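What follows is the residue order along each chain.
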Amino acid sequence: MVTLKDIAKKANVSTATVSYVLNNSGQVSNETRKKVLSIVEELNYMGNKIAKSLRTNKTNTIGIIVEDMTVFNSPQIIDGINEYVEEKGFHIILSNLRLNKKINNQFEKINIISSEIEDSIHDLLGRQIDGIIYIGEHPRDVTEIVKCIDKPVIYTYCYTSRQEDYTVNFDDKEAAYRATNFLIEAGHKRIAVISGLIDSISTHQRLQGYQQALADHNLVFNPDYIKTGNWEYETGYKKCKELFSLKSVPTAIFAFND
């Protein structure tokens, strides 16, 4: 097996110099650096991937930070990312913040674990990743959570107020419109809603889609059919009971979370 001593001997440098080159530390001239990296690849040293990443500044590794991989669409989003990167010869490093377990839906308490989020980002950056995908638990502004970093970052199921940032999100209004339209075309006219948190942008957009579908079919909007929930099972059960106790019971329910 090729060792650092073998590389050092062939390059006519010390083992410390080889170590400096592979770890991108210490004071090494560009000429010596190139020479060592060339020999590392020539001898097929077990660390040649590291050497290549140092030379090209690419590792073909994407860091993924997910606020909580147990909720909503997070598992499917991660699986989709994983499938794509495998096709392209990339790898992922996953960091799960477990926000739902730590603060539930109380995002006003996010500052309590802001240092943990920063640590996760710094840890990924220390692994020489090429970029980061940040997956939110709910669509909302995460500008104050994820500070500017010197790597490409894509935000999904969340967004920032920085114009230069890239985000990938669902079209909640269009999706809600189609869902409501599906129920209407199935013959329903009394369609109720169990929404998510009232301060959620997803809730607002889905309500807009719902109302637009009603209007396009000349159906009367009934405020009694709108029940504000919080994405949780227990609340869904409670709000259903409230809807079933109405004098004019709805024939269908559009729930904003399953």
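A quick note: this is a predicted structure, and the numbers were derived from the prediction, not measured. (Residues numbered from 1 in each chain as written. Predicted model: local features only at pLDDT ≥ 70, side-chain atom pairs only at ≥ 80, totals over all residues. Heavy atoms only, no water.)

### What to know about the sheet that holds strand β8 (residues 252–255)
The strand order across the open sheet formed by three strands is β7-β6-β8, and the pairing between neighbours is parallel. Two strands in the sheet have a free side with no partner beyond their single neighbour: β7 (226–228) and β8. Going across the sheet, the axis of each strand differs from the next one's by a mean of 20 degrees, ignoring polarity. As paired strands, strand β6 (residues 191–195) and β7 are joined by three bridges and run parallel to one another. (Pairing = 2+ DSSP bridges. Helix = DSSP H or I, 4+ residues; strand = E, 2+ residues; numbered from the N terminus. Axes fitted to C-alpha atoms, helices over the stretch in contact; angles between N-to-C directions.)

### Let's talk about a negative patch on the surface
On the surface, a cluster of negative charge is made up of Asp79, Glu83, Glu86 and Glu87. Mapped onto the elements, Glu83 comes out in helix α5 (residues 74–87). (Patch = residues over 30% accessible without salt bridge, like charges linked within 9 Å, V, L, I, M, F, W, Y side chains within 5 Å. Areas by Shrake-Rupley, 256 points an atom, 1.4 Å probe, with all protein chains shown as cover. Salt bridge = Lys/Arg side-chain N within 4 Å of Asp/Glu carboxyl O. Lys, Arg positive; Asp, Glu negative; His and termini not counted. Charge placed at Lys NZ, Arg CZ, Asp CG, Glu CD.)

### Let's talk about the sheet that holds strand β5 (residues 166–168)
Pairing is parallel in the open sheet, where five strands are placed in the order β2-β1-β3-β4-β5. Each having just a single partner strand, β2 (91–96) and β5 make up the two edges of the open sheet. With strand direction ignored, the average angle separating the axes of adjacent strands in the sheet is 20 degrees. In terms of strand pairing, strand β4 (residues 153–156) meets β5 through three bridges, oriented parallel. The partner of Thr156 across the bridge, within β5, is Val168.

Purely geometric stuff here, so don't read any function into it on its own.
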